[in-house]
Amino acid sequence: MAEDDNDSARPPRRPRSAREAIHPDRPPPPPVAKRARNHPVIAYLSGLMTFMVLMIILVGASLYVGKAMFEAPGPLASDRTVTIPSGQGVRSISRLLEREGFVERGWMFLAGVAAFREEDNLKAGEYLIPASASMRDIMDIFVEGRAILHRLTFPEGLTSQRMIEMINADTVLIGGSITEIPAEGKLMPETFSFPRGTTRQEVVDILRREHDRVLAEVWARRIDDLPIETPEEMLTLASIVEKETGRADERARVAGVFVNRLRRGMRLQSDPTILYGLYGGDAWDEFRTILRSELNAPNNPYNTYQIDALPPGPIANVGRAALEAVANPSRTEDLFFVADGTGGHAFARTLEEHNRNVARWREIERERREAEAAAEQEAEQAADEEPAAEDGETGEAGFDPAEALRGLDTSVD
């Protein structure tokens, strides 16, 4: 560099001849490049970078292909159910799915679940897997817990004994039978949905909690001047309303009648209370006609023809509608009601009016009994006139119209 600077600082040399003036000096040749040396560290880093790039490409391609296979349609030709037992790990589930034909490669389902980090989120239960479901679809179904729900419907007005019998008889529920009958009125009758694997005790506990929740909620919204002091008293009166009428348009009015009688110190005189006092949890298993001897039977603490005010406790399990009817009864002056022959009731404010309704009801009952007797006689005559069945043939059973006309007389006298 110093020589270059010196050369540039020198004055131009004068040619010593005409030849030198015509032919200038040759430029110096370019410097010879130094040969690069292969340092070991540089070579290692270069190879490592190449390997990493190749691995990234390979992993990316594998993930792309694996994701495509994980989300590709599966082998199921039609919808099928699969049950994942409680406590199963993802490996066991993967083997189960492959063995049952839900997936073609169990290891790929395992790898896909691990890639999505859902190993601990697969839920036990009974699932409906749709046809052609991909492994991703199956994983999502398990993670979201979209299990098949079975249903058990408890009608309003059942006793606790009958509800427990229904729970014990259900074949989907697991666990031992319930041997301790809950207190009357402490279960909420409703349609209960549950997945396979639910225990019978869990159902009982849920029905108890739901009853407590609904009772507290309705009690908090009751009107101020009710002649009942506690939620338990409201529950007892609601159970009587529940057994007196199954019609939604009558519940509040029936409740209004009983509330009016309580305010006046009148006995409730409800037929279902007699039956429950006599038969307990079996009271509603069959149609029963109250006999005069049963009406006057002593030592029946539930007989509201004999006791003042409310019976000692509920006579059935009640739904929300009956509770709300008692908490907010109709503003009515009615003090009596009796069946009207149509499935409903005829209401009255005075005893005189009520007696006319009772007479009308007894006439309806008399006509019904006569119709039943005539129908039975006609059926017997038809059976006598029917030719004997030939060998190898059977006759059809006759229709009994009495079965279609039976109903409970729930009059308040």
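You'll find the structure just up there.
Because the structure is a prediction, the values reported are computed rather than measured.

Participant: Provide a residue-level description of the packing of helix α4 (residues 90–99) against helix α5 (residues 106–115), including the pertinent values.
Facilitator: A pair of packed helices is characterised by two quantities: the angle between their axes and the separation of those axes. For the pair α4 and α5, interaxial distance at closest approach is 8 Å and the crossing angle is 140°. Classified by the interaxial angle, the pair formed by α4 and α5 is oblique. Judged by the sense of rotation from one axis to the other, the crossing of α4 with α5 is right-handed. Where α4 abuts α5, its residues Val90, Arg91, Ile93, Ser94, Leu97 and Glu98 lie against Gly106, Trp107, Phe109, Leu110 and Val113. Along the lines of polarity and charge, the residues of the contact of α4 with α5 split into seven nonpolar, two polar and two charged.

Participant: Run through the nonpolar core, naming residues and quoting values.
Facilitator: Counting residues in each nonpolar core, the largest one holds 37 residues, and the members touching the most others are Ile228, Met234, Leu237, Phe258, Leu323 and Val326. Going through the elements one at a time, α8 (200–220), α9 (231–244), α10 (251–263), α11 (271–279) and α13 (320–327) are the ones with two or more residues in this core. Setting aside residues up to four positions removed in sequence, leucine 237 forms contacts with Phe258, Val259, Leu262, Leu268, Leu310 and Val326. Grouped together as the second largest cluster of nonpolar side chains are 24 residues, Ile84, Val113, Ile129 and Met139 included.

Participant: Got a sec to walk through the environment of arginine 362? Specific residues and values, please.
Facilitator: With respect to the helices, strands and loops of the structure, arginine 362 is situated in helix α14 (residues 351–385). Classification of arginine 362 by relative accessible area gives exposed; the value is 56%.

Participant: Would you mind going over the pattern of salt bridges in detail, with residue names and values included?
Facilitator: Taken as a whole and assessed by the stated rule, the structure comprises 27 salt bridges. With a closest N to O distance of 3.5 Å, glutamate 324 and arginine 320 form a salt bridge. In this pair, glutamate 324 and arginine 320 both sit in helix α13, four residues apart, roughly one turn of the helix. A relative accessible area of 30% places glutamate 324 in the partly exposed class. Overlapping salt bridges, with partners in common, bring together Glu210, Arg213, Glu217, Arg221, Arg320 and Glu324 in one network.

Calculation notes
- Residues numbered from 1 in each chain as written.
- Predicted model: local features only at pLDDT ≥ 70, side-chain atom pairs only at ≥ 80, totals over all residues.
- Heavy atoms only, no water.
- Axes fitted to C-alpha atoms, helices over the stretch in contact; angles between N-to-C directions.
- Helix = DSSP H or I, 4+ residues; strand = E, 2+ residues; numbered from the N terminus.
- Parallel < 35°, antiparallel > 145°, perpendicular 65-115°, else oblique.
- Left-handed = near helix turned anticlockwise from the far one by under 90°.
- Contact = heavy atoms within 4.5 Å.
- Nonpolar A, V, L, I, M, F, W, Y, C, P; charged D, E, K, R; others polar.
- Core = buried A, V, L, I, M, F, W, Y, C linked by side-chain atoms within 4.5 Å.
- Buried < 20%, exposed > 50% of the residue type's maximum accessible area, 1.4 Å probe, protein only.
- Salt bridge = Lys/Arg side-chain N within 4 Å of Asp/Glu carboxyl O.

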